[in-house]
Amino acid sequence: MANNITSEIKFTVELDENRVPEKLMWSAQDGGIEAEEAKAMMLSIWDSKVQETLRIDLWTKDMPVDEMKLFFHQTLVAMSDTFRRATDDEKMADTMKDFCDYFADKLELTKQ
């Protein structure tokens, strides 16, 4: 029997009295990250039993809108890269990248 290795990623959310996130922190000891602060996060989990994506989208109330736009753009670009690696569907990945360029253009985002 093989030895299984377990790794943990932890998210901590501090809420105000109205349960609105004020502070997001994350830790991943295997990666040397301990209680790093973040302003936003998106987590998708695939439930194969019901063939459905479960999502957690959080951002702090002081997350600037201009940073949120960049966050979304960079997330979309990363998703198109992940889609390419996961499916080897270059045509659709390229189409997704075209949309990312369109998204950045319409929001007048500067190239990062």
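Residues numbered from 1 in each chain as written. Predicted model: local features only at pLDDT ≥ 70, side-chain atom pairs only at ≥ 80, totals over all residues. Heavy atoms only, no water.

(A) Local environment of the packing of aromatic side chains. Scanning the model with the defined rule gives three aromatic pairs in all. Residues Phe71 and Phe72 carry aromatic rings whose centres are separated by 6.4 Å and whose planes lie at 85° to one another, so their mutual orientation is edge-to-face. Ring geometry for Phe99 versus Tyr102: centroids 6.3 Å apart, planes at 40°, classification tilted. Residue Phe99 and its partner Tyr102 are located together in helix α2 (residues 90–106), separated by three residues, close to a single helical turn. (Phe/Tyr/Trp six-rings, centres within 6.5 Å; stacked < 30°, edge-to-face > 60°. Helix = DSSP H or I, 4+ residues; strand = E, 2+ residues; numbered from the N terminus.)

(B) Seen up close, the environment of Ile56. Checked against the element boundaries, Ile56 lands in strand β5 (residues 52–59). C-alpha separation for the pair Ile56 and Ile45, spaced 11 residues apart in sequence, amounts to 8.7 Å. Apart from residues no more than four positions distant in its own chain, Ile56 is found in contact with Met41, Met42 and Leu43. (Contact = heavy atoms within 4.5 Å.)

(C) Focus on the pairing of β5. Pairing of strand β4 (residues 40–47) with β5 involves eight bridges; the strand directions are antiparallel. Bridge pairing in β5 places Ile45 opposite Leu54. With antiparallel pairing between neighbouring strands as the criterion, β4 and β5 make up a hairpin whose turn holds four residues, including Gln51 at a positive phi of roughly 55°. (Pairing = 2+ DSSP bridges.)

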